[in-house]
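Topology and contacts: notes
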Amino acid sequence: MENMNNVTEFVLLGLSQNKKIKNLCFLLFLFCYIAIWMGNLLIMISITCSPLIDQPMYFFLNNLALSDLCYTSTVTPKLVTDLLAESNMISYTSCMAQLFAMHFFGGIEIFILTAMAYDRYVAICKPLHYTIIMNRQRCYTIVTASCTGAFLHSFFQCLLTINLPFCGPNEIDHYFCDVYPLLKLACTDTYRVGILVVANSGMMGLVTFVVLVLSYLLILYTIRAYPAESRTKALSTCSSHITVVVLFFVPVLFIYIRPTTTFPEDKVFALFYTIIAPMFNPLIYTFRNVEMKTALRKVWCQKLCFIGRQII
C-alpha cells in the first residue's frame with residue numbers, strides 16, 4: 001500500500017461542543033487528574049518506604065500505580081487543556097506518539113493485573129511454595145516481560161496505523177488518538193487492518209480477561225475449605241483485584257473486541273479505563289486492605305513527626 005498523506009494534523013472533536021458542558025468537564029477532569037496523581041503517589045511512597053515493598057503483591061501494586069500515572073498522563077492533560085481551547089488540534093506525529101504511548105502503558109497495566117492475579121493464585125492455592133515461586137528475581141522478570149509484551153503490542157498497533165493514507169477529512173470524533181477513529185478517516189479499505197486490530201487489541205484483552213476470571217474462580221473454589229478468618233482475608237484481597245479488573249476490562253472489551261466501527265458511546269466508555277479506573281485504583285486497594293492502611297499510617301505518621309521535630 002502506497003502511503004500518501006495529505007493530512008499533517010488532526011482536529012479532536014472532544015467530548016462535547018457545548019461551552020457550558022466543556023467548562024464543567026474541565027473542572028471535573030482537572031479534579032480527577034489531581035486525585036489520580038495524589039492517590040497513586042501516596043501508594044507508591046507508602047509501599048516504597050515500608051516493608052511492604054518486599055512482598056510480591058505490593059511490588060506489583062507499586063508498578064501498577066506507576067503505570068496508572070503514565071497511562072492517564074498520555075491522555076488527560078491534553079483532554080483538560082482542550083476543554084478550554086477553541087480549536088483542538090494535534091499534529092500527525094503527536095497523534096501517533098499518543099497512540100503508541102497509550103497502548104504501551106495500557107498494555108503494561110493489563111499484564112501487571114495478570115501478574116497480580118497469578119500472585120494471588122500462588123499465595124492461596126500453593127502457600128507452601130509461595131516464597132520459592134514468587135521470589136524477587138521472578139517478580140523482576142514478570143515486570144520486564146510485561147513491558148516487553150506491551151511494547152510489541154503497541155509497536156504492532158502503531159505499525160498498522162502509520163501505514164494508512166490520510167487524505168482528509170481530518171476530524172477525529174474522540175478526545176484522543178485511537179485506532180478505530182483513525183481507521184474511519186483513512187482513505188482506503190481498512191477491513192483487513194481492522195481484523196488485525198481486533199486480533200491485536202481485542203483478543204489480547206479478551207484472552208487476558210478470561211485468564212483473570214478463571215484464576216479468581218479457581219481461588220474462590222480453593223478457599224471454600226479454609227477457616228472463616230482466612231477465607232475472609234482472601235476474599236477481601238481478591239475482591240479488590242476483581243473490582244479493578246472489571247472496571248478496566250469491561251470498557252476495553254466493549255471498544256476493541258468488535259469490528260472496526262465507532263459509536264458515540266465509545267468516548268464515555270473510554271473515560272472508564274483512561275481516567276476513572278486510575279483514579280479509583282488507589283481507593284479500592286487502600287480502603288479494602290488492612291496492610292495498606294497500616295503502612296499508610298506508619299509511613300505518614302513518621303514523616304509528620306519528623307517534620308514536627310524539625311520545626312520545633
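Rules behind the numbers
- Residues numbered from 1 in each chain as written.
- Predicted model: local features only at pLDDT ≥ 70, side-chain atom pairs only at ≥ 80, totals over all residues.
- Heavy atoms only, no water.
- UniProt positions renumbered as here; feature names shortened; annotations may be inferred.
- Salt bridge = Lys/Arg side-chain N within 4 Å of Asp/Glu carboxyl O.
- Helix = DSSP H or I, 4+ residues; strand = E, 2+ residues; numbered from the N terminus.
- Buried < 20%, exposed > 50% of the residue type's maximum accessible area, 1.4 Å probe, protein only.
- 1 Å grid on protein atoms, 1.4 Å probe; cavity = no way out; pocket = protein on both sides within 12 Å on 5 of 7 lines; lining within 4 Å.
- Points joined across faces, edges and corners; volume = space filled by probe spheres on them.
- Nonpolar A, V, L, I, M, F, W, Y, C, P; charged D, E, K, R; others polar.
- Disulfide = S-S within 2.5 Å.
- Patch = residues over 30% accessible without salt bridge, like charges linked within 9 Å, V, L, I, M, F, W, Y side chains within 5 Å.
- Areas by Shrake-Rupley, 256 points an atom, 1.4 Å probe, with all protein chains shown as cover.

Per an unreviewed UniProt entry, the protein goes by the name Olfactory receptor and belongs to Panthera leo. Per UniProt, the comment on the protein under Function (unreviewed entry) is "Putative odorant or sperm cell receptor."

1. Some remarks on the pattern of salt bridges
Between side chains of opposite charge, a pair can form as their charged atoms come close. For the coordinates displayed, the defined rule picks out 4 salt bridges. Between Lys78 and Asp82 there is a salt bridge whose closest N-O contact spans 3.3 Å. Of the two residues, Lys78 and Asp82 are both situated in helix 3 (residues 76-82); the distance of 4 residues between them amounts to about one turn of the helix. Its salt-bridge partner being Arg120, residue Asp119 comes within 2.8 Å of it at the nearest N-O pair. Taking the relative accessible area as the measure of exposure, Asp119 reaches 0% and is therefore buried. Looking at Arg120, the relative accessible area reads 12%, which means it is buried.

2. Some remarks on the layout of surface pockets
Its volume calculated, the largest pocket comes out at about 530 Å³. Around the largest pocket, the lining comprises 20 residues; the ones closest to its centre are Arg120, Lys233, Ala234, Thr237 and Glu291. Elements with a minimum of two residues in the lining of the largest pocket: helix 2 (56-73), helix 4 (92-125), helix 9 (228-256) and helix 11 (290-311). If you tally residues by element for the lining of the largest pocket, the top one is helix 9, at 7 residues. Its residues assigned to classes, the lining of the largest pocket comprises 9 nonpolar, 6 polar and 5 charged. Lining of the second largest pocket is provided by 16 residues; of these, Asp173, Pro181, Thr262, Phe263 and Asp266 occupy positions nearest its centre. Of all the secondary-structure elements, those providing two or more residues to the lining of the second largest pocket are strand 3 (171-172), helix 7 (179-185) and helix 10 (266-287). For the lining of the second largest pocket, the element with the highest residue contribution is helix 7, accounting for 4 residues. Grouping the amino acids of the lining of the second largest pocket by side-chain chemistry returns 8 nonpolar, 2 polar and 6 charged.

3. Examining the state of the cysteines
Here is the idea: a disulfide is a covalent bond, and it sits between the sulfur atoms of two cysteines. Counted under the stated rule, the structure contains 2 disulfides. Disulfide pairing is shown between Cys95 and Cys177; the S-S distance is 2.0 Å. Of note, the bridge from Cys95 to Cys177 carries an S-S torsion of about -120° and is left-handed in sense. Of this pair, Cys95 sits in helix 4 while Cys177 sits in the loop between strand 3 and helix 7; the two residues are 82 residues apart in sequence, bridging distant segments of the chain. Cys95 sits in the buried class, given a relative accessible area of 0%. For Cys167, the disulfide goes to Cys187, at an S-S distance of 2.1 Å. On the sign convention where negative means left-handed, the S-S torsion of about 50° between Cys167 and Cys187 marks this disulfide as right-handed. Of this pair, Cys167 sits in the loop between helix 6 (136-162) and strand 3 while Cys187 sits in the loop between helix 7 and helix 8 (191-222), and the two are 20 residues apart along the sequence. On the accessibility criterion, Cys167 (39% relative accessible area) is partly exposed. Residue Cys187 is classed as partly exposed on the basis of its relative accessible area of 34%. A disulfide-free cysteine, Cys147 has its sulfur positioned 9.8 Å from the sulfur of Cys70, the nearest such atom.

4. Structural notes on a nonpolar patch on the surface
Taken together, Phe151, Leu152, Phe155, Phe156, Leu159, Ile162 and Leu196 make up a surface patch of nonpolar side chains, about 610 Å² in accessible area. Here the nonpolar patch takes 6 residues from helix 6, the largest share from any one element. Within the secondary structure, Phe151 sits in helix 6.

5. Looking at the environment of Gly39
Positionally, Gly39 belongs in helix 1 (residues 19-48). On the accessibility criterion, Gly39 (15% relative accessible area) is buried.

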